[in-house]
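# Notes for the structure review
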Amino acid sequence: MAEVKIAAESRTEFGKGAARRIRRESKVPGVLYGHGSDPLHLTLPGHELLLALRTPNVLISLDIDGKANELAIPKSVQRDPIKGYLEHVDLLLVKRGEKVTVEIPVHTEGELAPGGYLLEHVLNALPVEAEATHIPEAVTVSVEGLEAGASVLAKDITLPSGVTLAVEEDTVVLQVLAAQAEEAPEGEAAEGDEAAEA
């Protein structure tokens, strides 16, 4: 997993006004915490951070004020609900070789058995424990030929070396459902059409 280097500045101004000023400069306020140290308030470059966060559980190498280098993973990201820009990020301080618990996306491959079945993602992300510098980007599960009633449990998923489950082994991750045919009665559709024409 690649490390992304980002230059950060420590900040001493807090509150909504300070956060707005930071965002106007295309930067993002953030907090770095962990290992029992006092939280460190940071200002991060918005565009670089946005690109880095495209990778789930990205490992960020922070160059803070040109003095300190710290490794961190994103723990919480707040985005503007309408415009989608980054409002704030919480970063968790990690050390090389340290194990961390994260959620990794579950991807599927293959086709379900013929018959119009539906695949339900009970968990979109699988909680795992991995070394901070070796967090997998995702896990891929084959659903080839599965029929209604079939389930994929956490223990059925092959994890990379050094990665262990952080959920019960028999947690359902994916399940196959029979498709429910929902057909509107013909009379209702016709009435709706007439109303639209009127």
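As shown above, the structure is provided for reference.
Predicted model only: the values in this text are computed from it and were never measured.

## Structural notes on the sheet that holds strand β7 (residues 99–109)
- Taken together, the four strands give an open sheet; going across it, the order is β10-β7-β9-β12, and neighbouring strands pair in mixed fashion. Of all strands in the sheet, those with a lone pairing partner are β10 (139–142) and β12 (164–165), marking the two edges.
- With two bridges connecting them, strand β9 (residues 125–131) and β12 associate as antiparallel partners. Bridge pairing links Glu 129 to Thr 164 in β12.

## A closer look at helix α1 (residues 16–24)
- Considered for burial, the residues of α1 that qualify are Ala 18, Ala 19 and Ile 22. One face of α1 carries all of its buried residues, which in axial projection span an arc of 100 degrees. Facing away from the buried surface of α1 by more than 90 degrees, the exposed residues are Lys 16 and Arg 24.
- On its buried face, α1 sits against β2 (27–34) and β3 (37–45).
- Just downstream of α1 lies Ser 26, where phi reads positive at about 60 degrees.

## Details of the environment of Leu 146
- Along the chain, Leu 146 turns up in the loop between β10 and β11 (151–153).
- With relative accessibility at 22%, the residue Leu 146 sits in the partly exposed group.
- As for Leu 146 and Leu 112, which are separated by 34 residues in sequence, their C-alpha atoms are 5.0 Å apart.
- With residues up to four places along the chain from it excluded, the contact list for Leu 146 reads Leu 112, Ala 113, Tyr 117, Val 152 and Val 176.

## Remarks on the sheet that holds β11
- Here three strands make up an open sheet; going across it, the order is β8-β13-β11 and the pairing antiparallel. If you trace the sheet from one side to the other, it starts and ends with β8 (117–121) and β11, each paired once. Looking at each pair of strands side by side, their axes are set apart by 10 degrees on average, direction ignored.

The rules behind these values
- Residues numbered from 1 in each chain as written.
- Predicted model: local features only at pLDDT ≥ 70, side-chain atom pairs only at ≥ 80, totals over all residues.
- Heavy atoms only, no water.
- Pairing = 2+ DSSP bridges.
- Helix = DSSP H or I, 4+ residues; strand = E, 2+ residues; numbered from the N terminus.
- Buried < 20%, exposed > 50% of the residue type's maximum accessible area, 1.4 Å probe, protein only.
- Arc of directions from axis to C-beta.
- Contact = heavy atoms within 4.5 Å.
- Axes fitted to C-alpha atoms, helices over the stretch in contact; angles between N-to-C directions.

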